[in-house]
Amino acid sequence: MRFRPFQIARLFGIPLMIDYSWIPMALLHVWLVAQFWLPSEVKPALPMWQNLLLGIGITALFFGSVLGHELAHALVARLEGIRIYDIQLHIFGGWARLVGEPKTAMIEFRIAVAGPVASFLLAFFFWLCLFTVQQFSSGTLMARAIAAGFFYLAAANLLLAMFNLLPGLPLDGG
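Summary of the structure given here. (Residues numbered from 1 in each chain as written. Predicted model: local features only at pLDDT ≥ 70, side-chain atom pairs only at ≥ 80, totals over all residues. Heavy atoms only, no water.)

**Let's talk about the side chain of histidine 69**
And step 1. Its place among the elements puts histidine 69 in helix α2 (residues 48-79).
And step 2. Judged by relative accessible area, histidine 69 falls into the buried class, the value being 2%.
And step 3. Here the side chain of histidine 69 touches serine 119 through a polar contact of 2.8 Å, side chain to side chain. (Helix = DSSP H or I, 4+ residues; strand = E, 2+ residues; numbered from the N terminus. Buried < 20%, exposed > 50% of the residue type's maximum accessible area, 1.4 Å probe, protein only. Polar contact = N/O pair within 3.5 Å; in protein donor to acceptor, adjacent residues only side chain to side chain.)

Right under this line is the structure:
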């Protein structure tokens, strides 16, 4: 039996759907960040409850970045006159489901490149956040953990952008 995705919000009139496969992935991400990544990056280690809170925040921003990537596709498609069925987040990331196909290769290119451009911009934004925390914080353990979180998010968005440029479906470069 397959469960259908459920709607959690509407963004710019576009339904945001969550596939049930996304839930264990998000929980696993929180756990991996809190249990392994943060303790390896921040010495001495923070208490586990703080790692968990940071893990929840980093995970929310990470999946918010995936959503931003997909929203960029959807909004450019809408500008090109293509209706958007919905955006779905699932175990492998997400996808913007369009109603119909682009009429020309150039329209398809603009829609496809919008996601990686959004991810590059998000990577730059998180690098700026990292720089700001490093320059203007007191260097406390928590500030170093927050900086590590911004580094993670910048690197993840950079990798997401580059990975999606690979020439193969269902990637954006396909």
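On we go from here.
**A word on the packing of helix α1 (residues 22-41) against α2**
And step 1. Running from N to C, α1 and α2 cross one another at 130°; their axes reach a closest spacing of 8 Å. In terms of their interaxial angle, α1 and α2 are classed as oblique. Crossing of α1 against α2: the hand is right-handed. When α1 is examined against α2, the residues Trp22, Met25, Ala26, His29, Val30, Val33, Ala34, Gln35, Leu38 and Pro39 are found in contact with a partner set consisting of Met48, Asn51, Leu52, Leu54, Gly55, Ile56, Ile58, Thr59, Phe62 and Phe63.
And step 2. Per-class residue counts for the contact of α1 with α2 are 15 nonpolar, five polar and no charged. (Axes fitted to C-alpha atoms, helices over the stretch in contact; angles between N-to-C directions. Parallel < 35°, antiparallel > 145°, perpendicular 65-115°, else oblique. Left-handed = near helix turned anticlockwise from the far one by under 90°. Contact = heavy atoms within 4.5 Å. Nonpolar A, V, L, I, M, F, W, Y, C, P; charged D, E, K, R; others polar.)

**Re the sheet that holds strand β1 (residues 6-11)**
And step 1. The strand order β1-β2-β3-β4 describes an open sheet built from four strands, whose pairing is mixed. Looking at which strands have only one partner, the edges of the open sheet turn out to be β1 and β4 (93-99). Averaged over all adjacent pairs, the angle separating strand axes in this sheet is 25°, with direction ignored.
And step 2. Note that β1 and strand β2 (residues 14-18) share five bridges and pair antiparallel. Among the inter-strand pairings, alanine 9 is bridged to a residue of β2, identified as leucine 16.
And step 3. Lying on the sheet, α2 is in contact with β1, β2, β3 (83-90) and β4; it crosses β3 at an angle near 170°. (Pairing = 2+ DSSP bridges.)

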